[in-house]
Amino acid sequence: MDTSIGALSSCKPPCNDVGSPPNGAAAAIQGSAPAPAAVGSPDSTMGRHIARRLVQIGVTDVFSVPGDFNLTLLDHLIAEPGLNLVGCCNELNAGYAADGYARARGVGACVVTFTVGGLSVLNAIAGAYSENLPVVCIVGGPNSNDYGTNRVLHHTIGLPDFSQELRCFQTVTCFQAVVNNLEDAHELIDTAISTALKESKPVYISIGCNLPAIPHPTFSREPVPFALSPKLTNQMGLEAAVEAAAEFLNKAVKPVMVGGPKLRVAKACEAFVELVDACGCAVAVMPSAKGLVPEHHPHFLGTYWGAVSTAFCTEIVESADAYLFAGPIFNDYSSVGYSLLLKKEKAIILQPDRVVIGNGPAFGCVLMKDFLKALSKRVKRNTTAYENYHRIFVPEGHPLKCEPKEPLRVNVLFEHIQDMLSSESAVIAETGDSWFNCQKLKLPRGCGYEFQMQYGSIGWSVGATLGYAQAVPEKRVIACIGDGSFQVTAQDVSTMLRCGQNTIIFLINNGGYTIEVEIHDGPYNVIKNWNYTGLVEAIHNGEGKCWTAKVFYEEELIKAIKTATGPKKDCLCFIEVIVHKDDTSKELLEWGSRVSAANSRPPNPQ
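Residues numbered from 1 in each chain as written. Predicted model: local features only at pLDDT ≥ 70, side-chain atom pairs only at ≥ 80, totals over all residues. Heavy atoms only, no water.

## Notes on the sheet that holds strand 5 (residues 135-141)
Paired through their backbone hydrogen bonds, the strands of a sheet run either parallel or antiparallel.
Right, so step 1: Spatial strand order, 3-2-4-5-7-6: six strands in an open sheet with parallel pairing. Each having just a single partner strand, strand 3 (84-87) and strand 6 (176-179) make up the two edges of the open sheet. Each neighbouring strand pair of the sheet contributes to a mean axis angle of 20°, computed without reference to strand direction.
Right, so step 2: As defined by bridge partners, strand 2 (residues 61-64) adjoins strand 4 (residues 108-113) across two bridges and the pair is classed as parallel. Of the residues in strand 4, the one forming a bridge with F63 is C110.
Right, so step 3: Running over the sheet, helix 6 (residues 185-199) touches strand 5, strand 6 and strand 7 (203-208) and is turned about 160° from strand 7.
Right, so step 4: Across the sheet, helix 14 (residues 460-471) touches strand 2 and strand 3, and the angle it forms with strand 2 is around 160°. (Pairing = 2+ DSSP bridges. Helix = DSSP H or I, 4+ residues; strand = E, 2+ residues; numbered from the N terminus. Axes fitted to C-alpha atoms, helices over the stretch in contact; angles between N-to-C directions. Contact = heavy atoms within 4.5 Å.)

## Focus: the UniProt feature "binding site: Mg(2+)" (unreviewed entry) in the protein
Right, so step 1: UniProt feature "binding site: Mg(2+)" (unreviewed entry): in the numbering of this structure it lies at D483, N510 and G512. Separation in sequence by 30 residues is not matched in space for these annotated residues, since their most distant C-alpha atoms are only 7.0 Å apart.
Right, so step 2: Its location among the elements puts D483 in helix 15 (residues 483-489).
Right, so step 3: Take D483: its relative accessible area is 1%, and that puts it in the buried class. (UniProt positions renumbered as here; feature names shortened; annotations may be inferred. Buried < 20%, exposed > 50% of the residue type's maximum accessible area, 1.4 Å probe, protein only.)

## Focus: the environment of S593
Right, so step 1: Looking at the element boundaries, S593 is found in helix 20 (residues 586-599).
Right, so step 2: Counting along the chain gives 74 residues from S593 to I519, while the straight-line C-alpha distance between them is 5.9 Å.
Right, so step 3: Of note is the side chain of S593, whose polar atom sits 2.8 Å from the backbone oxygen of E590. (Polar contact = N/O pair within 3.5 Å; in protein donor to acceptor, adjacent residues only side chain to side chain.)

## Considerations on the UniProt feature "domain: Thiamine pyrophosphate enzyme TPP-binding" (unreviewed entry) in the protein
Right, so step 1: As recorded in UniProt, the sites labelled "domain: Thiamine pyrophosphate enzyme TPP-binding" (unreviewed entry) are residues 452-577.
Right, so step 2: Regarding residues 452-577, the helix share stands at 40% and the strand share at 20%, and the terminal C-alpha atoms are separated by 23 Å.

## A look at the sheet that holds strand 12 (residues 323-326)
Right, so step 1: As summarised here, the arrangement of the seven strands in space is 11-10-9-12-13-14-15, forming an open sheet in which the pairing is mixed. With one partner strand each, in any of the chains shown, strand 11 (300-303) and strand 15 (362-364) form the two edges of the open sheet. When the angles between neighbouring strand axes are averaged without regard to direction, this sheet yields 15°.
Right, so step 2: The sheet contact formed by strand 12 and strand 13 (residues 347-351) spans four bridges and is parallel. In the strand pairing of strand 13, L324 is matched with I348.
Right, so step 3: Most of the contacts of helix 10 (residues 368-375) go to strand 13, to which it runs at about 135°, and overall it touches strand 12, strand 13 and strand 14 (354-357).

## Some remarks on the pattern of salt bridges
Right, so step 1: All chains considered together, the criterion is met by 18 salt bridges.
Right, so step 2: The closest approach of N and O atoms between D190 and R53, which form a salt bridge, is 2.9 Å. Taken as a pair, D190 in helix 6 and R53 in helix 1 (residues 46-56) lie far apart in primary sequence, 137 residues in all. Taken as a pair, D190 and R53 share a single burial class, namely buried.
Right, so step 3: Across the salt bridge formed by R103 and E450, the nearest N and O atoms sit 2.7 Å from each other. Pair noted here: R103 is in helix 3 (residues 91-105) and E450 is in strand 17 (residues 448-451), with a separation of 347 residues, a long-range link.
Right, so step 4: The exposure class assigned to E450 is buried, which follows from its relative accessible area of 2%. (Salt bridge = Lys/Arg side-chain N within 4 Å of Asp/Glu carboxyl O.)

## Structural notes on the side chain of S457
Right, so step 1: Secondary-structure assignment places S457 in the loop between strand 17 and helix 14.
Right, so step 2: Reaching out from S457, the side chain makes a polar contact with the side chain of N123 at a distance of 3.2 Å.
Right, so step 3: With sequence-adjacent residues up to four places away left out, S457 is seen in contact with Y96, N123, E430, T431 and Q452.

## What about the packing of aromatic side chains?
Geometry of an aromatic ring pair is reported as the spacing of the ring centres plus the angle between the planes.
Right, so step 1: If you walk through the whole model with that rule in mind, you get 22 aromatic pairs.
Right, so step 2: Between Y389 and F393, the aromatic rings sit 5.3 Å apart at their centres with planes inclined by 40°, giving tilted as the arrangement.
Right, so step 3: A relative accessible area of 8% means that Y389 is categorised as buried.
Right, so step 4: The class for F393 is partly exposed, based on a relative accessible area of 34%.
Right, so step 5: Aromatic pair W530 and Y532: ring centres 5.6 Å apart, planes at 35°, arrangement tilted. (Phe/Tyr/Trp six-rings, centres within 6.5 Å; stacked < 30°, edge-to-face > 60°.)

Written out as structure tokens, the structure is:
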């Protein structure tokens, strides 16, 4: 059965209101067939075709930076009634914004100019690739007449070779289309966009700068909705995998379930919860899967992150005699320097289309969602692991109370952020100590949560906050950003103001790259201190709704939060929090030392 990618409502995420690609069988666009555009009309052009395609798949905001090679294309995107062009301060942030947008809406898009723009956005596209996010990256390319002429163009490295940008994108996108004639433009564009949706990865489309405005017969109609053939499970493989997994789990004394980040791309969040409900096991998430499993679930343990896990979570997971990991990524960061105490023979590892049970057997062409649903009907109920957890669990204490005018501590800050969370909020956590502090937040039902752990690009959160907030305007985004990361991408606070967003940004000013300090310290980890509130006020410049505060003490923090959530709830609120340079979470201290040990392993003997 084909899956039609259609109305925006079909792209809402399936679990906990945290973004994921379009969920299963989306509804086709309804309504009477549009009247065909006259072949010579402005609506029968490639530029309008791209615009209509983006709207059709659920993109209503495109993040862009103008350049002479993409200006005509931007004219046609602006002319599309259902499309809003969001001008960003630089290409990197436009890519990060498309990343954040895709997390909330299921797909995102950005438009930049040839090479100088393309290579600038490349880092953000690589991050989206690592997180399995469908982002359509459109580049305004050279004039079609310049191909094959041996001419040297501006915005290049001075060689008559226009393929440098394409070669760079080949490793971080799942499809590349170079459109330099109108005859195959329709096919190339549609193939690229549909491939992004099918593979849940970014794609690259280069559009000759002289082509978007030229009418062509292939664009004379409204584009027919995509009909994507979904990946199918091998039924014999599914039955064999479920039988083997059920036998494996049913003979275990205290099995547990752990959700991983690939639950999102597998569209298997609901199926995973269905299995947890059926088996009664204790359930945890890997750090990069936070928000993909509802934390109000009665058997939820918290985050399994080895030595820096939520209290009592590691003990239950690693002492289990069987554990099912759904969509895990085991890298040096998620394994805390390869220090997890897991045994392969005890594990069922599910990938989006593959099941491996213990040391074998393995079953290919078995979709995670189908496997989880089928297994939930075969697994016996076993609550032993959760009962053990409940037996040993001791509630976490609260931070020591701050004395009047005592310098604010990070653990006190996050206790107050916890109180701000609701179903109408979403948290964006920047790379750094915010990873660890935000992991400890308990997400209410419906509260969104995003961070970029696999790629871990500092500065990601500014653009991602812009994109996420633009995609889900009904939620108030709370972004936790360190000063070092903020200095990389600070400019696009101005775009948030232009878009009228009411995000709350907590700028944690501790004087440097704290996460790097805890891995390996040196003078390079100290940065020039800025007057961050003064910077944001200068960016504001009296245009848009903005409010800033600089806090040193808990009393000031309480007052600032009360203002941000009360009289200034419709404003972009920027709260600079001054903390000691050595004030970090205990988890970062432990994690940093273990990652440092992994990084500094001596060469193996030759």
